[in-house]
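The lines below spell out each chain.
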Amino acid sequence: IRETVLTFISQNGQHQKLLKTKHFKHLKQLMVSSGQPNQVKDLADYLISQNCQDDADSLVREYMKHREHQRGKTLTNGSPSPSCLKEFLNMQNGVSG
């Protein structure tokens, strides 16, 4: 049931209802494991707008790591670059690095 509710909240852009609650970490986990890039971007943009840069960084870093792992690729240094948030947002905005 929780996953269904979190998916609904994410799809309808209602992230603010969970920010600063114990359920927010579950929303982040759902976005990392099954979120679409545009949903992750929306959540990252929202976190940035709420001055939660660290949360946005960790969300995108975990998402990118999960995606790389799914594709069977191993990252050269074991983790995405520190600027992966910027790179991810640029990719989602149609801007190439």
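Since we're looking at a predicted model, the values are computed, not measured. (Residues numbered from 1 in each chain as written. Predicted model: local features only at pLDDT ≥ 70, side-chain atom pairs only at ≥ 80, totals over all residues. Heavy atoms only, no water.)

### What about the packing of aromatic side chains?
(1) Moving on: As enumerated under the stated definition, the model contains one aromatic pair in all.
(2) Moving on: Ring geometry for Tyr63 against Phe88: centres 5.6 Å apart, planes inclined by 70 degrees, an arrangement best described as edge-to-face. With Tyr63 in helix α4 (residues 53–70) and Phe88 in helix α5 (residues 84–92), this pair connects stretches of sequence that are 25 residues apart. Considered together, Tyr63 and Phe88 belong to a single accessibility category, that of buried residues. (Phe/Tyr/Trp six-rings, centres within 6.5 Å; stacked < 30°, edge-to-face > 60°. Helix = DSSP H or I, 4+ residues; strand = E, 2+ residues; numbered from the N terminus. Buried < 20%, exposed > 50% of the residue type's maximum accessible area, 1.4 Å probe, protein only.)

### Remarks on the environment of Asn90
(1) Moving on: In this fold, Asn90 is placed in helix α5.
(2) Moving on: For Asn90, a relative accessible area of 24% puts it in the partly exposed group.

### Topic: unusual backbone geometry
(1) Moving on: Even without being glycine, Lys20 reaches a positive phi, approximately 70 degrees.
(2) Moving on: Counting through the fold element by element, Lys20 comes out in the loop between α1 (2–11) and α2 (24–34).
(3) Moving on: Although it is not a glycine, Asn51 sits at a positive phi angle of roughly 60 degrees.
(4) Moving on: Looking at the element boundaries, Asn51 is found in the loop between α3 (37–49) and α4.

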